[in-house]
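As a plain string of letters, each chain reads:
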Amino acid sequence: MNATPAMPMTPGMDVTEHPLVHDVNQEQADSLSATEKLCKRIADSTGAPLALGLAILIQLIWIVVGIATKWDPFPFSFLLTVSNVLQLILIFILAVGHAERRAEHDHDSISRLLYHQELQERILIEIAGKIECDVGDIRAMVAQLAAQDSTP
């Protein structure tokens, strides 16, 4: 036996598109310069398994060539210098990319919470109406709150 109560669903209501939640991530993405977009692409691609495999392959080839040609012999000081410089550059790009993913997750969570709160609000107003309480003031306050912050 299913104990889940019937939930009134509003047609066309999407959890990710709540009118009171502005998608600041999308607004920020729309305002990125060409350099910032390039950094975002780098951050997105450096976390991929393909990037890790490519980095390992390049280092293995470098070690073999360095040993065979004596161009960069053990302890591979030039390889270490190049790797350290690359790491210093990428750490900032990756930190920003991680913060953006976290912000997107927070935005989605807040949107879901507000969606569920709105459903609960509608249920409570329906219950109050069925027990013949005056809900006119409550409906007016809800409409006022929705209108207040519905624009970015």
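What counts as what
Residues numbered from 1 in each chain as written. Predicted model: local features only at pLDDT ≥ 70, side-chain atom pairs only at ≥ 80, totals over all residues. Heavy atoms only, no water. Helix = DSSP H or I, 4+ residues; strand = E, 2+ residues; numbered from the N terminus. Buried < 20%, exposed > 50% of the residue type's maximum accessible area, 1.4 Å probe, protein only. Contact = heavy atoms within 4.5 Å. Areas by Shrake-Rupley, 256 points an atom, 1.4 Å probe, with all protein chains shown as cover. Expected span 1.5 Å × (residues − 1). pLDDT = per-residue confidence, 0-100. Patch = residues over 30% accessible without salt bridge, like charges linked within 9 Å, V, L, I, M, F, W, Y side chains within 5 Å. Salt bridge = Lys/Arg side-chain N within 4 Å of Asp/Glu carboxyl O. Phe/Tyr/Trp six-rings, centres within 6.5 Å; stacked < 30°, edge-to-face > 60°.

## Observations concerning the overall build of the chain
Per the secondary structure count, the chain includes 5 helices and 0 strands. Along its sequence from the N terminus, the chain presents helices and strands in the succession α-α-α-α-α. Considering the chain as a whole, with its 152 residues, one finds that 15% of them fall into the buried category. Put simply, of all contacts in the chain between residues at least 6 apart along the chain, 68% involve residues at least 24 apart. With an accessible surface of roughly 11800 Å², the chain has 67% of that area assigned to carbon and sulfur atoms.

## Structural notes on helix α3 (residues 49-69)
The terminal C-alpha atoms of α3, which comprises 21 residues, lie 30 Å apart, in line with the 30 Å expected from a rise of 1.5 Å per residue. Just downstream of α3 lies Lys70, where phi reads positive at about 60°.

## Considering the confidence of the model for the chain
Do not read the fine detail of predicted coordinates wherever pLDDT is low. The share of residues in the chain with pLDDT of 70 or more is 76%, and the mean pLDDT across the chain is 75. Looking over the chain, one finds the lowest element-wise mean pLDDT in helix α1 (residues 24-30), namely 71, and the highest in α3, namely 88. Below pLDDT 50 for its whole length, residues 1-9 participates in 5 contacts with residues either more than four positions away or in separate chains.

## Description of a nonpolar patch on the surface
A cluster of nonpolar residues, Leu54, Leu57, Ile58, Ile61 and Val65, forms a patch on the protein surface that exposes about 440 Å² of accessible area. Among the secondary structure elements, Leu54 is positioned in helix α3. We classify Leu54 as partly exposed; its relative accessible area is 48%.

## Some words on the pattern of salt bridges
Within this structure, the stated rule accounts for 1 salt bridge. Arg122 serves as the salt-bridge partner of Glu118, at 3.1 Å between the closest nitrogen and oxygen. Of the two residues, Glu118 and Arg122 both sit in helix α4 (residues 77-130), 4 residues apart, roughly one turn of that helix. With relative accessibility at 33%, the residue Arg122 sits in the partly exposed group.

## Some points on the packing of aromatic side chains
A complete count under the given rule lists 4 aromatic pairs for this structure. Aromatic pair Trp71 and Phe78: ring centres 5.8 Å apart, planes at 75°, arrangement edge-to-face. Among the residues examined, Trp71 registers a relative accessible area of 55% and is labelled exposed. Within the aromatic cluster, the residues linked to one another by ring pairs are Trp62, Trp71 and Phe78.

## Here we look at unusual backbone geometry
A cis amide bond links Phe74 with the next residue in sequence, Pro75, at an omega value of 15°. Inspection of the secondary structure assignment puts Pro75 in the loop between α3 and α4. Although it is not a glycine, Lys70 adopts a positive phi angle of roughly 60°. Since its relative accessible area comes to 63%, Lys70 is described here as exposed. Even without being a glycine, Phe76 presents a positive backbone phi close to 55°. Relative to the helices and strands, Phe76 resides in the loop between α3 and α4.

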